[in-house]
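Single-letter residue listing:
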Amino acid sequence: MMYSLFFAISLFYSLIFISGSQSKRVGDEMYVSFDRARYCVRRLNATHEIGCQSTTRGNSGRMYMIENDEEFKTYLQGDKMIDSVTSFIIVMNVRLFDSSHVDQLMNRLQSKLNGLLLYLKSNSSRPEYFSSDDQCPNHRYSYYLNQTETVNWNSKGTGLFFRSFPFPIMLIDEKDDYEQLVRFYRQFNSSHSSPACGLELKTFQNAAHTSKTCMRRNDITHSLIDLPEMFCDPIGGLNIYSKLPQMITSIPQERQPKSVVLILAATDSFQMFTKIQGSTGGAQQPAVALISLLTLAHLVGQVQDEVRKQNKELVFLTIDGDTLDYSGSIKFLYDMNRGSFPGGNKNEQRIKPEHIHSIIELQALSMTDQLWLHSYPSSLTNQTFINTLVSNQPMIKPISPDSPLPPASSQIFLRETSSSLFPAYILSSADATQLNNPYYHSFFDDPSTLSIDLSTLEYNSTTKLSLWVKRVVEPLAQTLVESFVGARVNVNIQQEIINNLVYCILKNINCPLIHNVSNQSVGNTFVPFDETPMPFTINSYPTAKTPTFPFIQYVLSYFLRDRSYDFLNFTRLSCKERASNDSFRSYRFVGGYLPSLSENSSLPGYCVRSYLRSVQSISPAFVIDGYDLSQTTYPAWTESRWTTISLRVFIIPTGTHEVVTLIIGILLFSVSFFVLLALRHFTKLSLLQPSCS
Amino acid sequence: MSIPKTRWRCEQFHQSRTNANNGCQIINAQIHSDYEESTVESNKDNMVSLEKKSPEERLNICRKYYLGGFAFLPLLWLINAIWFYKQAFKVEPYPQQAQIRTYVIRSAIGTLAWLLIITIWNVLFQVFRTKMGPAGDYLTFVVPRGYY
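As recorded by an unreviewed UniProt entry, chain B carries the name Gamma-secretase subunit PEN-2 and is attributed to Adineta ricciae. UniProt lists a comment for chain B under the heading Subcellular location (unreviewed entry), and it reads "Membrane".

As annotated in an unreviewed UniProt entry, chain A is Nicastrin from Adineta ricciae. Regarding chain A, the UniProt comment filed under Subcellular location (unreviewed entry) reads as follows: "Membrane".

Okay, structure coming up:
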């Protein structure tokens, strides 16, 4: 009775103590983690693997901070320091991230270099140039056009993106993360004997070796119930094309040769250091080109009645996946040669290379005072077109034909047709020798390089960029319509439309523009992406939940819509019914985008009649049956899968601390033995007696 | 668990009887034999003692293990060789010992052969897994993540 009362009271009190205390895990007290770090992942192609890899449990080591070149040299010469420590994580200023510094570190430290953490002190202290792409981008295999000379378009490129590192590399770009790290470092790394800071970088990637191995392992499973574990995904997104819906050549009409003008822009970029929530770069390439393409589409849509009278089709095309060996363009031409462009409807007359009149590409547009028009080959280029364009917009300067072309999708179009069928024109800020983009293919390529302050950018604000786009695209549209279609029209676009496009693409993709041009009845697919800009990263197949493609699909098809429908009163149901009669075009019921509509039409809702096709843009290597992925006929880029990414700081105890901990542990261990022996000797509890069965 | 109980019983008996010594000694003797019996019994519960078996039974067991090992079960051969080693070579001869001896020798040879096969295959697989190309991956049960 007494015992049970005592037991009940002690239980009651212990429950109070447990509920009153704030229990913490020991692990949480030991580490401080940085969640907003950027990381480098592993990608594979037909022959190599590139990127970084860590161990499953993370790479850890003693932290050493290097701020500038002097400290770098001091560190490399400090033999005593390097020999006394087994593994290092070097924390380096991002300005020092180039091949010479990394090579020196790797040679000096060999296997002791367990990871690299780069930091950006603050947004105002960006390096003047930062590009991890090659000096001559997209020039690795024979996919490029066979040009006479190799030009270093990206002269400040380090090429580190295409190297394979056996250790993880991460980057912190937030100012308070950096300050916290520096505080820890100064506090603990004052001398040798005191405890030092250690870092743990965990970026374990599943894929290894080459795309062929990795894709093969995707399908291996020995279990009857589990799904196979995924190792990597092929790179690719969607190639989207649209044109005026009234101009459809259906069988048995004959398509005239040289009757299609392709206007194209890219939709992807890459960065060596990615982050789930954060700026993905890609502002100068391809965001501005994409904005210009959509503006051009709207202008063509405005003058569609004139354009329709001629027999030339203007097809607007966005290509995804060109940053790595032009996978998107190669797939597009593969489709075209096999007779599946335009796809979707068997009764539509196919477009083959002989039907193409010319290609106009918008590429690498920065807000420069001069633009350059590259063209190739000189035998097919229309000099009148070039002259008209230059006279309409003196900002544009022609480059002598047959000069080397900058890295652009047109190279593939020309190569696949041996440059003998149609000319290509590239409108770019790149002059004859340089891409004028100091942050080409890096996450620093954000709207601040276009003089846009994102914090004050509103849906309707007119920025220098939007004025620039209007100044460039209106003459281009005028020249286009004049030269190719033969109609003299005056083209003017409302500034508001360009402002809205700039806002949506560079700041917040969940904007009123997309709500007004998309079919709201299927739900708003853009709400999860509120307050995020359009991401310009490498997309992988199956197409991830990126809002890029739905946005382009809706906006491009709306801008090129049949404007006669703006004045017709439809209900949602009657609009859908139209779709059943017409298999070439798509019909959807939308709220209507005011700046695009003329003043005469004001209806509660509009039926949009448009032409839109989207095709997977993964490389033909993954589409062809039985293709050996180790061949280099087609690019075969894949991106690895990964699960957790973490960056943690902890304290490495000094040598004496570790020895003391070990001795205490051994002492406790032996003491526990003695205690138990004593208990067994002095009590008669049968629990402590050895059993005989 | 029987030992503590009998000891306790002995002490209680010792307290309540005057000619306790005698009684206790008897019980002590009983305890001893009890222990042995229980040991023997418990041995019988857990393990087969070959001494208790007749020679025919021993031969039977040996043969069963020998034949069972042919079903790709080298461990049976290993057990056979170790367990019956004493019976085959160290105990005084009895009629079945010759047959048991052949079984033990053959089991030992079989075990060595299997050991050789398994070791060679293990080394070959580890060295050539990556050089075999697709075959290496298809033979691997747990495909490695993150390295080739």
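(A) Summary view of the pairing of strand β6 (residues 88-93) of chain A. Residue and element names in this part refer to chain A. Burial analysis of β6 places six of its six residues in the buried class, the great majority of the element. Alternating positions in β6 separate into two faces, Phe-88, Ile-90 and Met-92 on one and Ile-89, Val-91 and Asn-93 on the other, with burial throughout. Bridge count for strand β5 (residues 59-66) against β6 is five bridges, and the pairing is parallel. By the bridge assignment, Met-65 is partnered in β6 with Val-91.

(B) Here's a closer look at the UniProt feature "transmembrane region" (unreviewed entry) in chain B. All names here are of chain B. Under the local residue numbering, the UniProt record ascribes the feature "transmembrane region" (unreviewed entry) to residues 65-85 and 105-125. The span residues 65-85 carries 71% helix and 0% strand; its end-to-end C-alpha distance comes to 13 Å. Between the C-alpha atoms that bound residues 105-125 the distance is 30 Å, and the span itself is 100% helix and 0% strand.

(C) Up close: the state of the cysteines. Residue and element names in this part refer to chain A. Tallied over the full model, the rule gives four disulfides over all chains. For Cys-214, the disulfide goes to Cys-232, at an S-S distance of 2.0 Å. Here Cys-214 is found in helix α7 (residues 211-219), whereas its partner Cys-232 is found in strand β11 (residues 232-234), with 18 residues between them in sequence. With relative accessibility at 1%, the residue Cys-214 sits in the buried group.

(D) The domain arrangement of chain A, seen in detail. Residue and element names in this part refer to chain A. Entries for chain A in the domain assignment read domain 1 (28-206 + 643-656) and domain 2 (236-247 + 255-271 + 280-618). Each of domain 1 and domain 2 has a C-alpha centre, and the two are 38 Å apart. Listed as interface residues are 31 residues of domain 1 and, on the opposing side, 37 residues of domain 2. Of the roughly 2800 Å² buried where domain 1 meets domain 2, counting both sides, 58% is carbon and sulfur surface. Here domain 1 and domain 2 share one salt bridge between them. Taking the shortest distance from any N to any O, the salt bridge between Asp-446 and Arg-126 comes out at 2.6 Å. Counting across the interface, domain 1 meets domain 2 through twelve residue pairs in polar contact (both at pLDDT 80 or more). Across the side of domain 1 that touches domain 2, the residue classes break down as 15 nonpolar, eight polar and eight charged.

(E) Broad picture of the environment of Arg-140 of chain A. All names here are of chain A. Considering the arrangement of structural elements, one finds Arg-140 in the loop between β7 (113-119) and β8 (164-165). Residue class for Arg-140 comes out partly exposed when judged on its relative accessible area of 41%. If sequence neighbours within four positions are ignored, Arg-140 has contacts with Asp-134, Phe-162 and Asp-325.

(F) Representation of helix α13 (residues 464-485) of chain A in the model. All names here are of chain A. A rise of 1.5 Å per residue sets the reference length of α13, with its 22 residues, at 32 Å; its end C-alpha atoms lie 31 Å apart and thus fit the reference within 8%. In terms of residue burial, α13 counts as a mostly covered element, since 17 of its 22 residues are buried. Two residues or fewer after α13 comes Gly-486, characterised by a positive phi angle close to 85°.

(G) Highlighting the packing of aromatic side chains. Tallied over the entire structure, the rule returns 37 aromatic pairs over all chains. Taking 5.0 Å as the distance between ring centres and 90° as the angle between the ring planes, the aromatic pair formed by Phe-70 of chain B and Trp-77 of chain B counts as edge-to-face. Residue Phe-70 of chain B is classed as partly exposed on the basis of its relative accessible area of 49%. Trp-77 of chain B gets classed as buried once you look at its relative accessible area, which sits at 7%. An aromatic cluster is defined as three or more aromatic residues linked by ring pairs; in this entry it consists of Phe-97, Phe-130, Phe-273, Tyr-439, Phe-443 and Phe-444 of chain A.

(H) Fine view of empty space enclosed by the protein. Residue and element names in this part refer to chain A. For the structure on display, the rule yields six cavities of 30 Å³ or more. The computed volume of the largest cavity comes to approximately 150 Å³. Surrounding the largest cavity, 18 residues form its lining, Asn-138, Gln-285, Asp-322, Thr-323 and Tyr-440 being those nearest its centre. Residue composition of the lining of the largest cavity, by class: eight nonpolar, six polar and four charged.

(I) Expanded view of the sheet that holds strand β16 (residues 371-376) of chain A. Residue and element names in this part refer to chain A. Strand order in the open sheet formed by nine strands is β17-β16-β18-β15-β13-β14-β12-β20-β19, and the pairing between neighbours is mixed. Of all the strands in the sheet, just β17 (396-398) and β19 (586-590) have a single pairing partner and so form its edges. The mean angle between the axes of side-by-side strands here comes to 25°, regardless of whether they run parallel or antiparallel. Lying on the sheet, helix α11 (residues 383-392) is in contact with β15 (356-363), β16, β17 and β18 (424-428); it crosses β17 at an angle near 150°.

(J) Seen up close, the packing of α11 of chain A against α13 of chain A. Residues and elements named next belong to chain A. Here α11 crosses α13 at 150°, and the two axes come no closer than 9 Å. Considered as vectors, α11 and α13 are oriented roughly antiparallel to each other. Crossing of α11 against α13: the hand is right-handed. For the pair α11 and α13, the contacting residues are Phe-385, Thr-388, Leu-389 and Asn-392 in the first and Pro-475, Leu-476, Gln-478, Thr-479, Glu-482, Ser-483 and Phe-484 in the second. Taken together, the residues of the contact of α11 with α13 sort by class into five nonpolar, five polar and one charged.

Thresholds, definitions, all that
- Residue numbers here run from 1 along each chain, matching the order of that chain's written sequence.
- Whichever chain is written first becomes A and whichever ligand is written first becomes 1, with later ones labelled in order.
- Thresholds applied to this predicted model are a pLDDT of at least 70 for local features of residues and 80 or more for the giving and counting of side-chain atom pairs; totals over whole chains, interfaces and linings are not thresholded and use all residues.
- Only hydrogens and water are removed before side-chain values are computed, so all heavy atoms of the structure are retained for them.
- UniProt positions are given in the numbering used here, feature names are shortened, and annotations may be inferred rather than shown by experiment.
- A simple rule labels every residue: compare its accessible area, found with a 1.4 Å probe on the protein chains alone, to the largest value its type can have, and call it buried under 20%, exposed over 50%, or partly exposed in between.
- For the purposes of this entry, the term helix denotes a DSSP run of H or I that reaches at least four residues, the term strand denotes a run of E that reaches at least two, and both are numbered from the N terminus.
- Two strands make a pair as long as DSSP finds a minimum of two bridges between them.
- In plain terms, two cysteine sulfur atoms within 2.5 Å form what is called a disulfide here.
- Bear in mind that the domain bounds are from an automatic or database domain assignment.
- Should any heavy atoms of two residues lie within 4.5 Å, those residues are considered in contact.
- By definition, the buried area sums, over both parts, the 1.4 Å-probe accessible area that each loses when the two are put together.
- One speaks of a salt bridge when a side-chain nitrogen belonging to Lys or Arg is within 4 Å of a carboxyl oxygen belonging to Asp or Glu.
- We call two N or O atoms a polar contact when they sit within 3.5 Å, provided that within protein one can donate a hydrogen and the other can accept it, with sequence-adjacent residues counted only if both atoms are side-chain atoms.
- Note on residue categories: nonpolar means Ala, Val, Leu, Ile, Met, Phe, Trp, Tyr, Cys or Pro, charged means Asp, Glu, Lys or Arg, and polar means any other residue, Gly included.
- In this scheme, a helix's expected span is set at 1.5 Å multiplied by one less than its residue total.
- Two rings from Phe, Tyr or Trp (for Trp, the six-membered ring) form a pair when their centres sit within 6.5 Å of each other. Planes less than 30 degrees apart are called stacked, planes more than 60 degrees apart edge-to-face, and all others tilted.
- The way it works is a 1 Å grid over only the protein atoms, where trapped points that fit a 1.4 Å probe form a cavity and open points with protein on both sides within 12 Å along at least five of seven lines form a pocket, and then any residue with an atom within 4 Å of a point lines it.
- Grid points are joined across faces, edges and corners, and a volume is the space filled by probe spheres set on the points.
- With axes taken as lines fitted to C-alpha atoms, and helix axes fitted only over the stretch in contact, angles between N-to-C directions fall between 0 and 180 degrees.
- Should an angle fall under 35 degrees it is called roughly parallel, over 145 degrees roughly antiparallel, and 65 to 115 degrees roughly perpendicular, with every other angle called oblique.
- Note on convention: near helix rotated counterclockwise from far helix by under a right angle means a left-handed crossing. Clockwise means right-handed.

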